[in-house]
Amino acid sequence: MGSLFGIRVVMLMLLLLFLTMECDAASRKKHVRVTNELGGGLTLKVHCKSEDDDIGLQVLPPNGFFEFSFSSGLFEITDFYCSFQWPGGFKWYDIYEDGKDYRECDKCWWVVRTTEYGPQPCRLNLSTGKYDICKPWNPKWAMSFY
Ligand SMILES: *[C@@H]1O[C@H](CO)[C@@H](O)[C@H](O)[C@H]1NC(C)=O
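Okay, so let's go over this structure. (Residues numbered from 1 in each chain as written. Predicted model: local features only at pLDDT ≥ 70, side-chain atom pairs only at ≥ 80, totals over all residues. Heavy atoms only, no water.)

Re the side chain of Ser72
Logical step 1: Following the sequence through the fold, Ser72 ends up in strand β4 (residues 65–72).
Logical step 2: The exposure class assigned to Ser72 is buried, which follows from its relative accessible area of 0%.
Logical step 3: For Ser72, the side chain forms a polar contact with the side chain of Asp98, separated by 2.4 Å. (Helix = DSSP H or I, 4+ residues; strand = E, 2+ residues; numbered from the N terminus. Buried < 20%, exposed > 50% of the residue type's maximum accessible area, 1.4 Å probe, protein only. Polar contact = N/O pair within 3.5 Å; in protein donor to acceptor, adjacent residues only side chain to side chain.)

As C-alpha cells, this is what we get:
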C-alpha cells in the first residue's frame, strides 16, 4: 500500500514537471518596436497599454523609435493597444493581440509611415526585410478599453 502511494506521488511530481516544461515552451518573448517614419518633420506620439502594463507616452521625433518586450504564452494572454497622435491625426491600433499575432511575429517591428492612404502602421516582413505588411487603423467606433 505504502509503495503504491509512493508511486502516485512520483507520478504526480513527474506530471507537474512535465506541465511546467510545457508552459515554458509555450511562452515566447515578444519584442515590439515602433518607428516614426511619418516624414515632413512630424512628431509622433504613441501610447501603448495592456491590461497590466502601461508603456507610457512616447514622443518620437522624426525617425525616432521606442521598444518594449513581454512574454506571451499559454497562461499569459497579452494584448497591447496603442494610440497614435501627430499634427492633424489621432488613431488607435491594436499593435499586438495574441489571437492574431502569436504566430505572426516575435520581432514585431512597426513603422508609421505616410502611404498613398495617409499615415499607416506597417510591420516588418522578416522574409523581405521590408516594412511591407501595412494594416488599416482600428475603425473609429473601436475605441480602446483603457
Ligand atoms: C512577406 O513577404 C513575402 C515575400 O514577398 C510574402 O510572400 C509574404 O506573404 C509576406 N508576409 C506577410 C505576412 O504578408
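Side note on a negative patch on the surface
Logical step 1: Taken together, Glu51, Asp52, Asp53 and Asp54 make up a surface patch of like negative charges.
Logical step 2: Note on placement: Glu51 falls in the loop between β2 (44–49) and β3 (54–60).
Logical step 3: Residue Glu51 is classed as exposed on the basis of its relative accessible area of 67%. (Patch = residues over 30% accessible without salt bridge, like charges linked within 9 Å, V, L, I, M, F, W, Y side chains within 5 Å. Areas by Shrake-Rupley, 256 points an atom, 1.4 Å probe, with all protein chains shown as cover. Salt bridge = Lys/Arg side-chain N within 4 Å of Asp/Glu carboxyl O. Lys, Arg positive; Asp, Glu negative; His and termini not counted. Charge placed at Lys NZ, Arg CZ, Asp CG, Glu CD.)

Considering the environment of Val112
Logical step 1: Residue placement: Val112 occurs in strand β7 (residues 107–115).
Logical step 2: Sequence separation between Val112 and Leu38 is 74 residues; the distance between their C-alpha atoms is 6.0 Å.
Logical step 3: Sequence-distant contacts of Val112, defined by excluding residues within four places in its chain, comprise Val34, Thr35, Asn36, Glu37, Leu38, Leu44, Phe84, Pro119, Gln120 and Trp137. (Contact = heavy atoms within 4.5 Å.)

Digging into the state of the cysteines
Logical step 1: All chains considered together, the criterion is met by 3 disulfides.
Logical step 2: One disulfide bridge connects Cys105 with Cys108, the sulfur atoms lying 2.1 Å from each other. Taking the torsion about the sulfur-sulfur bond, which here is approximately 95°, the covalent link between Cys105 and Cys108 counts as right-handed.
Logical step 3: You can call Cys105 buried: its relative accessible area is 5%.
Logical step 4: Across the disulfide from Cys122 sits Cys134; the S-S distance is 2.1 Å. Its S-S torsion of approximately 100° makes the covalent link between Cys122 and Cys134 right-handed. Here Cys122, found in strand β8 (residues 118–125), pairs with Cys134, found in strand β9 (residues 130–134); they are 12 residues apart in sequence, far enough to count as distant. (Disulfide = S-S within 2.5 Å.)

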